[in-house]
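# Coordinate inspection notes
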Amino acid sequence: MPKAYALIPAAGSGSRVSAALPKQYLEIAGRPVLYHALRPLVRDRRIEQVLVVLAQGDTYFRECDWRDFAGRIEPLYCGGETRAASVFNGLVAARDMIGPSDWVLVHDAARPCLSDEALERLLTEAGGDETGGLLAVPLADTLKRADRDLRVLQTESREHLWLAQTPQMFRYRALIEALHDAVAGEATDEAQAMERAGWKPRLVMGDTRNLKVTYPEDLRVAELILKSRELSASPPPRPTRPPAGARKARGLPPARTGRK
């Protein structure tokens, strides 16, 4: 049976966030964005290992506390100039670990809100597909095409249009071959590289909350999503019995003690 591995390209600088740190190391709810991106992948025991592709001069990773993920993540200091180059370099570095027909799930380091349910859908649906696939959501907003002066040229049809998310899940050999040919072409995601190689990736319903941290305000939105998820997962508080005096003041009979 083919195994599954996850790979996180985390070598980018995240310049659009305009922060002193790369965005994958900015904190959400007391933890780095990268921690939250790794967590659902680490928790899923169907995933053998999670590989984190870092910039060669990265000094931040070692300063973070990764004890929660002990034995489940492996840093690879081989990041490239582009996302495609980082993923390709990571796959090359892991060639002795991953078999040709094994699955590789590539997930953005800046997507901290991946849900267990969306990951389950991807593993089930893409894992049963010959090609593999990716999480995505149908485009809901009206799409405008602009000119150089930022004036609307026309409104585009949103029929059959989807917004790509991650993870994106493909066979090791097919993916590394597709990326080898696509590195120079600057493929923006793995699915695009696979498309150019002649494959037709499967679209798996994602989740609008699986956002990518791109701008400063995204950090706050991601934190709200994560805190809301934690609250919904917490067991409801046990009801407490009011003191006897309070019951008497409310006109209620005293609580039974079980003694005769």
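First things first, this report covers the structure right here in the doc. Note that the coordinates shown come from a computational prediction; the quantities given were computed from them, not determined experimentally.

### A look at unusual backbone geometry
- Of the consecutive residues Thr 166 and Pro 167, the connecting peptide bond is found in the cis state with omega at 10°.
- Despite not being glycine, Leu 150 shows a phi value in the positive range, around 60°.
- With respect to the element layout, Leu 150 can be found in the loop between strand 8 (143–146) and strand 9 (152–156).
- With relative accessibility at 74%, the residue Leu 150 sits in the exposed group.
- You will see that His 160, though not glycine, has its phi angle at about 70°, which is positive.

### Brief notes about the pairing of strand 8
- Note that strand 8 and strand 9 share four bridges and pair antiparallel. From the neighbouring strand, Arg 145 faces strand 9, where its bridge partner is Gln 154.

### Concerning the layout of surface pockets
- What the second largest pocket holds in volume is close to 320 Å³.
- Lining the second largest pocket are 14 residues, with Arg 39, Arg 43, Asp 116, Leu 226 and Arg 229 sitting closest to its centre.
- When residues of the lining of the second largest pocket are traced back to their parent elements, those giving at least two are helix 1 (33–43), helix 3 (116–125) and helix 6 (216–233).
- Class assignment for the residues of the lining of the second largest pocket results in five nonpolar, two polar and seven charged.

What counts, and at which threshold
Residues numbered from 1 in each chain as written. Predicted model: local features only at pLDDT ≥ 70, side-chain atom pairs only at ≥ 80, totals over all residues. Heavy atoms only, no water. Helix = DSSP H or I, 4+ residues; strand = E, 2+ residues; numbered from the N terminus. Buried < 20%, exposed > 50% of the residue type's maximum accessible area, 1.4 Å probe, protein only. Pairing = 2+ DSSP bridges. 1 Å grid on protein atoms, 1.4 Å probe; cavity = no way out; pocket = protein on both sides within 12 Å on 5 of 7 lines; lining within 4 Å. Points joined across faces, edges and corners; volume = space filled by probe spheres on them. Nonpolar A, V, L, I, M, F, W, Y, C, P; charged D, E, K, R; others polar.

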